[in-house]
Amino acid sequence: LGQTDERVRLWVSNVLVIDQWSSLATLTPAAAPASYTVNVPYSVELEYKVRGGALRTVQLQQTTGGATTVVPSSSLFRSYHLAWPGVAQSSHTANASWAGVSAANSLLSGVAVSLATSSLSATFTITARDTYSNARGGREDFFRVSITQAGVPSVIAGVSNGAEQGTYVASYRLTSSGAHTIAVATPFSGGLTATYFSTS
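Numbering of residues starts from 1 in every chain and runs along the sequence as written. Totals for whole chains, interfaces and linings use every residue, but because this is a predicted model, local features are given only for residues with pLDDT of at least 70 and side-chain atom pairs only at 80 or more, for both listing and counting. Side-chain numbers come from the whole structure's heavy atoms, not from hydrogens or water.

Caption draft 1: Here's a closer look at the nonpolar core. By size, the foremost hydrophobic cluster in this structure holds 14 residues, and its most contacted members are F124, I126, V145 and Y172. Breaking this core down by element, the ones donating at least two residues are β7 (121-127), β8 (144-149), β9 (152-161) and β10 (167-173). Ignoring any residue separated from it by four or fewer positions in sequence, one finds I126 in contact with S106, L107, L108, F143, V145, G166, T167, Y168, A170 and V184. Of all hydrophobic cores here, the second largest spans five residues; its members include L10, V12, V17 and I18. In this text, buried Ala, Val, Leu, Ile, Met, Phe, Trp, Tyr and Cys residues form a nonpolar core when linked through side-chain atoms within 4.5 Å. A simple rule labels every residue: compare its accessible area, found with a 1.4 Å probe on the protein chains alone, to the largest value its type can have, and call it buried under 20%, exposed over 50%, or partly exposed in between. Helix and strand definitions follow DSSP, with helices as H or I runs of at least four residues and strands as E runs of at least two, each counted in order from the N terminus. Contacts are assigned to residue pairs that have any heavy atoms within 4.5 Å of one another.

Here it is in structure tokens:
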């Protein structure tokens, strides 16, 4: 460590081996004596803080045969924990979040998003994106495209698969001129979508 205002704690395989958190007895905190097997992965967790002044680079060091060297970054890896129901527990675990299709993050492209001629067919492309704005592959997403004029439903567009995975083509034909609003939504799984007509 560079200054007496720095603090450090180090765990190896969930065992606290250096604890200089509340006070710093020396600028070179020593780890509790331990021996580790070569080429066997160990989890390493380091907490570091500086009570004042600038932060500094922290280096892990190893002592082999009396010589102390810096642990190279090529020997350090991110921790992933993989666990799947019904599969034997592995030594790695990962936290995964489902990222379904998001209408808010999906992209609309094509001239017909903003310009169309009444009584002529028009199309635009929907590129499906997930909750984290990643492109979606596959063909399992559903979109409902509705077009309104002055708040009154005008057209329900047909949506079909596009040329590439994760793309969809919306087709519609306007029956009147003027400003229209296009709305794209994703129905929830198990939900019900219907078009109804009223004579009143």
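There is more to say, and it comes next.
Caption draft 2: Main features of unusual backbone geometry. At N14, a residue that is not glycine, the phi angle is positive and equals roughly 65°. Inspection of the secondary structure puts N14 in the loop between β1 (6-12) and β2 (15-20). With a relative accessible area of 68%, N14 lands in the exposed category.

Caption draft 3: Focus on the pairing of β9. Pairing between two strands requires that DSSP report at least two bridges joining them. In this structure, β8 lies alongside β9, joined through five bridges in antiparallel fashion. When the sheet's bridge partners are listed, S146 is paired in β9 with I156. Taking the residues that link successive antiparallel strands as the turn, the β8-β9 hairpin has two residues, and the phi of A150 there is positive, at about 55°. Where β9 folds back on β10, the antiparallel hairpin that results is connected by five residues, among which G166 adopts a positive phi of roughly 80°.

Caption draft 4: Fine view of the environment of T127. Locating T127 in the fold gives a position in strand β7. Spatially, the C-alpha atom of T127 lies 6.4 Å from that of L108, the residues being 19 residues apart in sequence. Excluding its chain neighbours within four sequence positions, the residues that come into contact with T127 are S106, L107, G166 and T167.

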